[in-house]
Amino acid sequence: QVQLVESGGGSVQAGGSLRLSCAASDIFRWYCMGWYRQAPGKEREGVATITGGGRPTYADSVKGRFTISKDYANNTLYLQMNSLEVDDTAMYSCAAQPAPSCNSRWSNWGQGTQVIVSA
């Protein structure tokens, strides 16, 4: 069972940057990992995923602004968020699939970290 603990959320003005972290057990290097977000009154949406081999994919709304990456030395998943917009305000959670290809069910979730972007 992969334990996931997010950190790095906070309040920032539009145009600013934040880096979210998700600490995981060392087996995560073989897993597909992802970031999801949920804004008040909205459904949860996928933000970015990264395969066990390190191939990223992004939602259209964040392409060119967000970068997902894995730090294998520290067993940490990151989400670098630049040029933040008010619409990026949400609770961000990391998730893991027990397979490298991102074609399985998301079986592990962190508790989430809040991101607030003000105009």
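**Some details on the environment of leucine 4**
Here is step 1 of the chain: The topology assignment puts leucine 4 in strand β1 (residues 4-7).
Here is step 2 of the chain: For leucine 4, a relative accessible area of 6% corresponds to the buried category.
Here is step 3 of the chain: Separated by 90 residues in sequence, leucine 4 and cysteine 94 place their C-alpha atoms 7.1 Å apart.
Here is step 4 of the chain: Apart from residues no more than four positions distant in its own chain, leucine 4 is found in contact with Cys22, Ala23, Ala24, Met33, Cys94, Ala95, Ala96, Asn108, Trp109, Gly110 and Gln111.

**Brief notes about the state of the cysteines**
Here is step 1 of the chain: In total, this model carries 2 disulfides according to the counting rule given.
Here is step 2 of the chain: Between the sulfur of cysteine 32 and that of cysteine 102 lies a disulfide, 2.0 Å long from S to S. Taking the sign of the S-S torsion, about 100° here, the bridge from cysteine 32 to cysteine 102 comes out right-handed. Placement of the pair is cysteine 32 in strand β4 (residues 32-38) and cysteine 102 in the loop between β9 (90-97) and β10 (108-109), with a sequence separation of 70 residues.
Here is step 3 of the chain: In the chain, the bonded cysteines, taken in the order they occur along the sequence, pair up as 1-3, 2-4.

**Observations regarding the pairing of β1**
Here is step 1 of the chain: Burial along β1 is one-sided: Leu4 and Glu6 are buried, while Val5 and Ser7, pointing the other way, are not.
Here is step 2 of the chain: In this structure, β1 lies alongside strand β3 (residues 18-24), joined through 4 bridges in antiparallel fashion. Across the sheet, the residue bridging to leucine 4 is alanine 24, located in β3.

Definitions and limits used
- Residues numbered from 1 in each chain as written.
- Predicted model: local features only at pLDDT ≥ 70, side-chain atom pairs only at ≥ 80, totals over all residues.
- Heavy atoms only, no water.
- Helix = DSSP H or I, 4+ residues; strand = E, 2+ residues; numbered from the N terminus.
- Buried < 20%, exposed > 50% of the residue type's maximum accessible area, 1.4 Å probe, protein only.
- Contact = heavy atoms within 4.5 Å.
- Disulfide = S-S within 2.5 Å.
- Pairing = 2+ DSSP bridges.

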